[in-house]
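One-letter residues, chain by chain:
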Amino acid sequence: MKIGLNGLIGESPAKVDRSVGSSRLAAIAAGERFPTETHPQLQEEPAVLEMRNFSFFYGEAQALFDISMKIPKGKITALIGPSGCGKSTLLRSVNRINDLISGTRIQGDILLSGDSIYSPSVDVIELRKRMGMVFQKPNPFPLSIYENVVYPLRIDGERDKRTLDAVCERSLKAAALWNEVKDRLQESALGLSGGQQQRLCLARAIAAEPEVLLMDEPCSALDPIATNKIEDLIQSLKGDYTILIVTHNMQQASRTSDYTAFMYLGHLVEYGPTETIFQKPHLSETLDYVTGRFG
């Protein structure tokens, strides 16, 4: 059986009805809605982020449907699901990057430490300082390694060299890059390898000590060795930061995250501890996806 983004492919209706996990996903593709299967362990976790019946629209097209979920403080939460299921849209809603796209609108709300990020009184620039962001492809600025790292402090008005030096060293050490670049901090960041550039971007993201780290497929452009280094870094940052990561890599999600959320066509289908999601999820639809039976 194959299930695509637009529904079921290559199966007769009779056989589809008997297929494990097919009914709910086919119904979602047909426009029906179901409550999220949220595991009880999440209710015991203190949350730094909370989505409340959050929906997102590109013009008349709805991309997210009534997402309600809590992101546990100091833990790693992975968003998984087929391409086009809304993972990146949800991630970019958290720091309001989607505001830059004309014609978008929302319903519901997202809270950061109990406060609405969509309140009219929110300063979006200040909000983004509270959330570090690492994108799919490394995006170092055409500046020195040093200036890349301290950039968030520069734009916040910090001029004390001792402070900037300390933050640069601390951030590069946290990103496991200090020993590789400490003797060439004034060289262009563009001269680093792809994996080093991504670790540099991670150092820049944590330089301002954000409350949340957002990662959108941070290893998709990297080779296996660089990917392993990034995954080790993500693990080392857990506890100091709350991390929300989008990934298509099931092995990566299972290795790195504490909690996993399975999304499909803009709906949050199941959300629970990663070990349970990958070994014994509550829903057969989730099992089908994490075992590669569709997607």
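Now for a quick tour of the structure. (Residues numbered from 1 in each chain as written. Predicted model: local features only at pLDDT ≥ 70, side-chain atom pairs only at ≥ 80, totals over all residues. Heavy atoms only, no water.)

### Some details on the packing of helix α6 (residues 161–174) against helix α8 (residues 194–206)
Argument step 1. At their nearest, the axes of α6 and α8 sit 8 Å apart, and the two run at 130 degrees to each other. Relative to α8, α6 is oriented oblique. Our pair here, α6 against α8, has a crossing hand that is right-handed. Note on element contacts: α8 touches α6 through Leu-200, Ala-203 and Ile-206, opposite Arg-170, Ser-171, Leu-172 and Ala-174.
Argument step 2. A class-by-class count of the residues in the contact of α6 with α8 yields 5 nonpolar, 1 polar and 1 charged. (Axes fitted to C-alpha atoms, helices over the stretch in contact; angles between N-to-C directions. Helix = DSSP H or I, 4+ residues; strand = E, 2+ residues; numbered from the N terminus. Parallel < 35°, antiparallel > 145°, perpendicular 65-115°, else oblique. Left-handed = near helix turned anticlockwise from the far one by under 90°. Contact = heavy atoms within 4.5 Å. Nonpolar A, V, L, I, M, F, W, Y, C, P; charged D, E, K, R; others polar.)

### Thoughts on empty space enclosed by the protein
Argument step 1. A full pass over the atoms with the stated rule returns 1 cavity of 30 Å³ or more.
Argument step 2. In this model, the largest cavity occupies a volume close to 50 Å³.
Argument step 3. Arg-24, Ile-28, Arg-33, Phe-34, Pro-35, Thr-36, His-267, Leu-268 and Val-269 are the residues that line the largest cavity.
Argument step 4. For the lining of the largest cavity, the elements supplying multiple residues, two or more each, are α2 (22–29) and β13 (267–273).
Argument step 5. Per element, the largest residue contribution to the lining of the largest cavity is 3 residues, and it comes from β13.
Argument step 6. Looking at the lining of the largest cavity, its residues break down into 5 nonpolar, 2 polar and 2 charged. (1 Å grid on protein atoms, 1.4 Å probe; cavity = no way out; pocket = protein on both sides within 12 Å on 5 of 7 lines; lining within 4 Å. Points joined across faces, edges and corners; volume = space filled by probe spheres on them.)

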